[in-house]
Amino acid sequence: QVQLVESGGGLVQPGGSLRLSCAASGFTFSSVAMNWFRQVPGKERELVATITGTGGSTTYADSVKGRFTISRDNAKNTVYLQMNSLRPEDTDVYYCDAVVTTVWFGPKGTYWGQGTQVTVSS
């Protein structure tokens, strides 16, 4: 079974930092691009950051560019999101996900974890 488990969320004051982690299993991790997104009830999810399988290319939403950094450790099957200079509008539930597009790497489909809550408040 494909599993994605996020951790590292919590309560932080504006300007603070958090590092989120996502531990993956059930597919060939190093061959699959990974994403972080965030979502609030009743709205479309917002893609925050994407990283290719090798970690050689990353993309970011304009709202987080320059503040957040996505990275991965393929030896640990883990993707990270370092969040600096946090703002109240960053408050959300953060998820990692993977889209497996070929059976060579695992069961085809889109997968995500249970999410981790990030709250930025004084």
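This one's a predicted model, so the numbers in the text were calculated from it and none came from an experiment.

Draft legend 1. Representation of the overall build of the chain. When helices and strands are counted, the chain shows zero helices and eleven strands. For the chain, the N- to C-terminal ordering of α and β elements is β-β-β-β-β-β-β-β-β-β-β. A compact globule built from 122 residues would reach a C-alpha radius of gyration of about 14 Å, and the chain, at 14 Å, matches this within 12%. Along the longest, intermediate and shortest principal axes, the C-alpha atoms of the chain span 45 × 30 × 25 Å.

Draft legend 2. Looking closely at the nonpolar core. By size, the foremost hydrophobic cluster in this structure holds 30 residues, and its most contacted members are Phe 27, Met 34, Trp 36, Val 79, Leu 81, Met 83 and Tyr 94. Of all the elements in the fold, those that place two or more residues in this core are strand E3 (18–25), strand E4 (34–39), strand E5 (46–51), strand E7 (68–73), strand E8 (78–83), strand E9 (92–100) and strand E11 (116–120).

Draft legend 3. Main features of the pattern of salt bridges. What the rule picks out here adds up to four salt bridges. Where Arg 45 meets Asp 97, a salt bridge forms, and the shortest distance between an N and an O atom there is 2.9 Å. A residue pair is termed long-range when its members are at least 10 positions apart, and Arg 45 in the loop between E4 and E5 and Asp 97 in strand E9 qualify at 52 residues. Connected via shared salt-bridge partners are Arg 38, Glu 46, Arg 67 and Asp 90.

Draft legend 4. Quick look at the state of the cysteines. Applying the stated criterion across every chain yields a total of one disulfide. For Cys 22, the disulfide goes to Cys 96, at an S-S distance of 1.8 Å. When the S-S torsion is 50°, as for the bridge of Cys 22 with Cys 96, the disulfide is right-handed. In this pair, Cys 22 is assigned in strand E3 and Cys 96 in strand E9, connecting sequence segments 74 residues apart.

Draft legend 5. Local environment of the side chain of Arg 67. Among the structural elements, Arg 67 can be located in the loop between strand E6 (58–60) and E7. Among the residues examined, Arg 67 registers a relative accessible area of 8% and is labelled buried. Residues within four places of Arg 67 in sequence aside, it is in contact with Gln 82, Met 83, Asn 84, Ser 85, Leu 86, Arg 87 and Asp 90.

Draft legend 6. Representation of the sheet that holds E7. With antiparallel pairing, the four strands of this open sheet are ordered in space as E1-E3-E8-E7. In this open sheet, the two strands that pair with only one neighbour each are strand E1 (3–7) and E7. In this sheet, neighbouring strand axes are inclined to one another by 15° on average, regardless of whether the strands run parallel or antiparallel.

Thresholds applied
- Residues numbered from 1 in each chain as written.
- Predicted model: local features only at pLDDT ≥ 70, side-chain atom pairs only at ≥ 80, totals over all residues.
- Heavy atoms only, no water.
- Helix = DSSP H or I, 4+ residues; strand = E, 2+ residues; numbered from the N terminus.
- Rg over C-alpha atoms; globule rule 2.2 N^0.38 Å.
- Core = buried A, V, L, I, M, F, W, Y, C linked by side-chain atoms within 4.5 Å.
- Buried < 20%, exposed > 50% of the residue type's maximum accessible area, 1.4 Å probe, protein only.
- Salt bridge = Lys/Arg side-chain N within 4 Å of Asp/Glu carboxyl O.
- Disulfide = S-S within 2.5 Å.
- Contact = heavy atoms within 4.5 Å.
- Pairing = 2+ DSSP bridges.
- Axes fitted to C-alpha atoms, helices over the stretch in contact; angles between N-to-C directions.

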